[in-house]
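A structural walkthrough
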Amino acid sequence: MPGVNRREFLKTATLTLSAGVLGAATAVKAFQQYFPEANVETQSNSAAPNKAIQPGTPRYYFVIFVDGLWPGYIERFQPPNIMRLISEGTYFPNAYVGNLTGNTIVSHQSMNAGLYPKRWGIVDYGWRNTYDDPALAKVVPKNKAIDPGNYDLIVKEDLAGKIRRQYEARLPSFARWVKTRYPDALTAGVASKRYLATYLTHMDIRLMGRYTENNTIEPYYQLGKAEGLLNDLVIDRKDELKKLDDWVMEAATRIVSNLMPRYMLINLPLVDLNAHVNGGPETLDQMYPIVMNADRLIGEFVETLKTLGIYDKSVIVITADHGFATGHEHIFPQKVKAELEAIGIKVDLARGGEGYMTFWLGDPDFKDNQKKRKVAEYLASVLPNADAIFYKATFDVGGREVMQYVPVKDSGSPVYVKLLNTALAPQGPDVVAFFGDYTNAYDSETIVAGHGGAGWMVQNIPIIIRGPGVPRGLVVETMPYSGPRIVDIAPTLVALTDPSDEYIGEFDGRPIFSAGRQQTSTSTSLASASAAKLLERERL
């Protein structure tokens, strides 16, 4: 396993950006327009082609999530295919999740929708049914909180579909934009995890893996036109932690080769699944072959796009849904839930991860501000190592219901409020506790490393973008919590296609940069107006 430090990595990958790279400088200026808080350092790659901006307009869009790809893996392992995409595109090594919890179900739909989780309601591995939908109420009673990743309910009751229908018709998404721009376009979400593609909005194909009675994993859910292509794609469950990435990429390759979707979101799960049980960033020797296998699959997928003649017409994004940290102190949410119920507080759901815990109170306690404050104060007394604890208060302001997360303990970090505001929804948690990067709040003792909280180790992700309109060989370093986020990918893909497209204003995210080509005065003024609108929305 090769190992390099950050200075050596940047020396290998980059040179100082020269003033002559006008296209790249223009793109960075556009980035700073939308991210004025970011402290930006830029370098250009020594191996990059001579042209600063790849010409053309995107026609295809491929977003590949390497689940749990902590940027440190790229820095230390230098996977060749990912490094090649960096040399041909732009890399943000200090991008971050930007949501309350860096979890798979939240991050993927946030990317696809370009919206904060509060807009569509699932902000963690927990969700409260606040809708007046009889079909949904048969599965989840109104005001009840459950885990939306519940495998049995997704497979037997189509829980994901019933929840998705509550928000799909009224909300924008990148997939919806694609289908508007290209009326005959096919869109696809390709994954193995049951709680991932099932929640993606406006997809024609939603692939998940279903466990069978024969102890195999087979393609399932809404396969659409891909159904006949995937019938033989079955693996043994005993090989799950070895072959799932290959299973997913084989499905993606078949779909692309036969159906040519305009937009595909792909999740490679094994970096995440293995890191949970072996320690992730603290066990680099064990993570190295898994990361390198994901890199191999990305390289093979790129070759497929070249064979099909669409590589240079495609924007490719490599990113992750969260980072990773290893917990050295363990707190069990179910134990805390039992303690709360012992003092008379009804708790529907208690969840946790690396550096955080979330609680959904039962009906009617979740409507009572004093009960929620009591829970938060109790947690402050029994969890002395908590860095911050907030409860969700609801107020009536002129006949309008207003929600706000109120601290009972707060270290003063603005990051907590910034992330909490992305989750401020009726369906979201009633009480949230934050810890440091190295506090494990999973109920399972077999999970030794994880994600989900506000710490930098779990929030930090890579964002690599390669394709038409993207500066080549650029590495943009930003200060923690100030650069691009998952929610910014969708508006960026639209802006690379047409920086004057008014649909950009529908997203909560901001374009990381617009197309590198010259913008008209009309599109420039529209971009400025969109930037002001998005920044104002974020302050609210």
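The structure this text deals with has already been given above.
Residues numbered from 1 in each chain as written. Predicted model: local features only at pLDDT ≥ 70, side-chain atom pairs only at ≥ 80, totals over all residues. Heavy atoms only, no water.

In spatial order, the strands read β15-β16-β19-β17-β18; together these 5 strands make up an open sheet with antiparallel pairing. At either margin of the open sheet sits one strand with a lone partner, and together these are β15 (347-353) and β18 (400-409). Pairwise comparison of adjacent strand axes, ignoring direction, gives a mean angle of 20 degrees for this sheet. Taken together, the 6 bridges between β15 and strand β16 (residues 356-361) define a ladder with antiparallel strand orientation. Along β16, the bridge assignment pairs A350 with F359. Against the sheet, helix α15 (residues 369-382) makes contact with β16, β17 (388-397), β18 and β19 (431-434), and its axis sits at roughly 170 degrees relative to β17, the strand it touches most. (Pairing = 2+ DSSP bridges. Helix = DSSP H or I, 4+ residues; strand = E, 2+ residues; numbered from the N terminus. Axes fitted to C-alpha atoms, helices over the stretch in contact; angles between N-to-C directions. Contact = heavy atoms within 4.5 Å.)

Turning next to the nonpolar core. In terms of nonpolar packing, the biggest core is built from 101 residues, with Y73, Y263, M264 and F301 touching the most fellow members. In contact with F301, other than residues within four places in its own chain, are F62, I64, M249, A252, T253, V256, M264 and I266. Counting 25 residues, the second largest nonpolar core, distinct from the first, contains V139, A160, Y167 and Y199. (Core = buried A, V, L, I, M, F, W, Y, C linked by side-chain atoms within 4.5 Å. Buried < 20%, exposed > 50% of the residue type's maximum accessible area, 1.4 Å probe, protein only.)

Time to look at the pattern of salt bridges. For the structure shown, the criterion picks out 26 salt bridges. For the salt bridge of D132 with K142, the shortest nitrogen-to-oxygen distance reads 2.5 Å. Separated by 10 residues along the polypeptide, D132 in the loop between β5 (127-128) and α7 (134-137) and K142 in the loop between α7 and β6 (145-146) bring together distant segments of the chain. K142 gets classed as partly exposed once you look at its relative accessible area, which sits at 39%. It is possible to trace a salt-bridge network through shared partners that takes in D236, K238, D239 and K243. (Salt bridge = Lys/Arg side-chain N within 4 Å of Asp/Glu carboxyl O.)

Moving on to the packing of aromatic side chains. Counted under the stated rule, the structure contains 20 aromatic pairs. Counting every residue linked through ring pairs, the aromatic cluster contains Y61, F174, W177 and Y263. Directly above the ring of F366 sits R128, whose terminal nitrogen or CZ lies 3.9 Å from the centroid. Stacked on the ring of Y211, the Lys or Arg R237 has its end atom at 3.6 Å from the ring centre. (Phe/Tyr/Trp six-rings, centres within 6.5 Å; stacked < 30°, edge-to-face > 60°. Lys NZ or Arg CZ within 6 Å of the ring centre and 35° of its normal.)

A few words now on α15. The end-to-end C-alpha separation of α15 is 20 Å, in line with the 20 Å expected for 14 residues at 1.5 Å each. Every buried residue belonging to α15 is among N369, K372, V375, A376 and L379, and all of these are buried. Taken down its axis, α15 places every buried residue within 125 degrees of arc, on the same side. Structural note: α15 exposes Q370 and S381 on the side pointing more than 90 degrees away from its buried face. Taken together, the buried residues of α15 touch α14 (333-342), β16, β17, β18 and β19. Capping the start of α15 is the job of one residue whose side-chain oxygen sits 2.9 Å from the backbone nitrogen of Q370: D368. (Expected span 1.5 Å × (residues − 1). Arc of directions from axis to C-beta. Polar contact = N/O pair within 3.5 Å; in protein donor to acceptor, adjacent residues only side chain to side chain.)

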